[in-house]
Amino acid sequence: MKLIAEEKLLFESPDVLNVYCYSPSLALTETGRLIATFDLGGVGVKDLPGVKSTHGDFGLCNQGKVFVSDDHGESWRHTADFPMMHARVFVAGDSLYVIGHNGVLSIMRSDDEGETWSDVAVLEDSEAWHQAPCAVDFRHGKVYLTMEAQVPGATWPGVAPVLMSAGVNSDLLKRENWTFSNKLIFTEHVKGATAIGSPFYQTGEQNPDGTDKRFCGDPGWLESHVVRIYDTKHNFYDLEDKTVYLWMRAHTGMTNVAAIAKGVEAEDGSLTLDAVKSPAGSSMIYVPCPGGQMKFHIIYDEVTELYWLLSTQSTDSMTRPELLPDDRYGLPDNERQRLQLHFSKNLFDWCFAGIVADGGSAGQARSYASMIIDGEDLCILSRSGDRRAKSAHNGNLITFHKVLNFRELIY
């Protein structure tokens, strides 16, 4: 199988069985500097130098890192650590920001392209937060993104997206400069069984040996991206340009579907999340999406007017769980070794562009990746592992991949 990207090692765990690599994110500054962030998790993190918590003991479990590259990803330099997880880096105005959580919703800023950073500021502390490095939307002089509030008492995934917006030139460290939407709770919009067969497995089902290695959580959505429809012919185009859509990982036990919702901005700037309605007026929750069963990443390319989707490829999701090999993580829908690339003009019909990376075996993941366009190339940061990794979920590497002249893949 021919890969469409080259791979370089950015970071390696100092303790493969106790320190794991998570949450890769990328940004590109106006000068062409690439900014990479990710976090380390696991019981061994507390023993790493520089680990600290600003918001309670939760921070002792994770350590975020910032790396910069001035040669398009050929070499990288470590500039900072931070006490957040599930964080993403983005450019707003003349500044860089990293937003994530440490139990509470947190953010920090750099005004010198990632060399130095502010203290971590708390944006919201009444919820327990979750998310992943997902797509951010810029429009009307604002940044739009989502974080997810954990639903009290809910089983995994049990999170509700919250849409947030702020002026790109405002101080995003200040809570008063942000607008928050309502929480969109899955169980309030999806009642009972659905036609696609979700959940595919009995929730709470265990292996015959009584372990929870193949545990199936309840149906839900998580790891939400903010996307916008620009095509005036699209069924979901908003003439007033006040609507964004959330494309979310769908937890169903099946593969290749995502969950969707929409966010609407009122004249006063307030935000409301709600279910999507089809042209017939029926509620829509699930949409076709290659790799939508895992954390994926979507970006919009203004040059080609196409959406690009980076996701995990499934090859055998119908194998009975008890017949999976021991190094296969989770249920059959949780295969993690290949990263695939697709493109689409409408977010519904996806064309396969190629395989970005392949770990080579079920335990060597290339997954949970983020991407950004750098000129003619597509830059990708992956949560990865080699044969030493504890599991496909708890990998020991962060790898950087580049698809050269990616627009030539269009057909």
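Structural data are supplied above this passage.
The following refers to the structure shown.

Rules used in this analysis
- Counting of residues starts from 1 at the beginning of each chain's written sequence and follows it residue by residue.
- Only residues with pLDDT of 70 or above have their local features reported here, since the model is predicted, and side-chain atom pairs are shown and tallied only from 80 upward, although totals for entire chains, interfaces and linings are computed over all residues.
- Side-chain numbers here rest on the full set of heavy atoms in the structure, without hydrogens or water.
- We define a salt bridge as a side-chain nitrogen of Lys or Arg found within 4 Å of a carboxyl oxygen belonging to Asp or Glu.
- Secondary structure elements are defined from DSSP: runs of H or I of at least 4 residues count as helices, runs of E of at least 2 residues count as strands, and each element is numbered from the N terminus.
- For every residue, the accessible area (1.4 Å probe, protein chains only) is compared with the maximum for its type, and the residue is labelled buried under 20%, exposed over 50%, or partly exposed between those bounds.
- By the convention used here, strands pair only if DSSP detects at least 2 bridges between them.
- Axes, fitted as lines to C-alpha atoms, cover a helix only where it is in contact. Angles between the N-to-C directions of the axes lie from 0 to 180 degrees.
- When two cysteine sulfur atoms are found within 2.5 Å, that pair is recorded as a disulfide.
- Here a residue-residue contact requires only that any non-hydrogen atoms of the pair lie within 4.5 Å.
- Note on terminology: a nonpolar core comprises buried Ala, Val, Leu, Ile, Met, Phe, Trp, Tyr and Cys residues joined through side-chain atoms within 4.5 Å.

### Digging into the pattern of salt bridges
Side chains that differ in charge, positive against negative, can pair when their charged atoms come close. Across all of its chains, the model carries 22 salt bridges by this definition. Two residues, Asp 70 and Arg 33, come together in a salt bridge whose shortest N-O distance is 2.8 Å. Here Asp 70 is found in the loop between β4 (62–69) and β5 (77–82), whereas its partner Arg 33 is found in the loop between β2 (20–28) and β3 (34–41), with 37 residues between them in sequence. Asp 70 sits in the exposed class, given a relative accessible area of 53%. Overall, the relative accessible area of 8% leaves Arg 33 in the buried class. Its salt-bridge partner being Glu 335, residue Arg 328 comes within 3.6 Å of it at the nearest N-O pair. One exposure class covers both Arg 328 and Glu 335, and it is buried. One connected set of salt bridges, linked through shared partners, spans Arg 33, Asp 70, Arg 77 and Glu 115.

### Concerning the sheet that holds β4
Overall, antiparallel pairing links the four strands, which are arranged β2-β3-β4-β5 in an open sheet. The strands lining the two open edges of the sheet, one partner per strand, are β2 and β5. For this sheet, the mean angle separating the axes of adjacent strands, direction not counted, is 20 degrees. Bridge count between β4 and β5: five bridges; the pairing is antiparallel. Counterpart to Val 68 in the pairing with β5 is Arg 77.

### Some points on the state of the cysteines
Any covalent bond linking the sulfur atoms of two cysteines counts as a disulfide. Tallied over the entire structure, the rule returns zero disulfides. Distance from the sulfur of Cys 289, which forms no disulfide, to the nearest cysteine sulfur (Cys 134) is 12 Å. Classification of Cys 289 by relative accessible area gives buried; the value is 1%.

### A word on the sheet that holds strand β24 (residues 338–344)
An order of β22-β23-β24-β25 is seen for the four strands of this open sheet, with the pairing classed as antiparallel. The sheet terminates laterally at β22 (297–301) and β25 (351–358), the two strands that pair on one side only. In this sheet, neighbouring strand axes are inclined to one another by 20 degrees on average, regardless of whether the strands run parallel or antiparallel. Summarising the sheet, strand β23 (residues 306–312) and β24 pair through six bridges and their orientation is antiparallel. Across the sheet, Ser 311 pairs through a bridge with Gln 340, a residue of β24.

### A word on unusual backbone geometry
With omega at 5 degrees, the peptide bond leading from Trp 156 into Pro 157 counts as cis. By secondary structure assignment, the location of Pro 157 is in the loop between β12 (142–150) and β13 (159–167). In this structure, His 72 is a non-glycine residue whose phi angle is positive, near 60 degrees. Its relative accessible area of 39% is what places His 72 among the partly exposed residues. Positioned with a positive phi, Leu 347 is a non-glycine residue whose angle comes to about 75 degrees. You can call Leu 347 buried: its relative accessible area is 0%.

### Some thoughts on the side chain of Thr 312
Relative to the helices and strands, Thr 312 is located in strand β23. Residue class for Thr 312 comes out buried when judged on its relative accessible area of 0%. Aside from chain neighbours lying at most four places away, what touches Thr 312 is Gly 291, Gln 293, Met 294, Glu 335, Arg 336, Arg 338, Gln 340 and Ser 367.

### Considering the pairing of strand β26 (residues 366–374)
Among the nine residues that make up β26, nine are buried, leaving the element largely enclosed by the rest of the structure. Bridge count between β26 and strand β27 (residues 377–384): seven bridges; the pairing is antiparallel. For Ile 372, the partnering residue across the bridge sits in β27 and is Cys 379. Hairpin connection from β26 to β27: two residues lie between these consecutive antiparallel strands, with Gly 375 at a positive phi of about 70 degrees.

### Side note on the side chain of Ser 224
Along the chain, Ser 224 falls in strand β15 (residues 220–227). Residue contacts for Ser 224: discarding those within four places in its chain leaves Gln 131, Cys 134, Thr 146, Glu 148, Pro 161, Trp 247 and Met 248.

### Quick notes on the nonpolar core
In terms of nonpolar packing, the biggest core is built from 21 residues, with Ile 107, Met 164, Leu 172 and Trp 178 touching the most fellow members. Looking at this core, the elements that each hand over two or more residues are β6 (85–92), β7 (95–101), β8 (105–110), β9 (121–124), β12, β13 and β14 (178–183). The greatest single-element share of this core, amounting to four residues, is contributed by β12.

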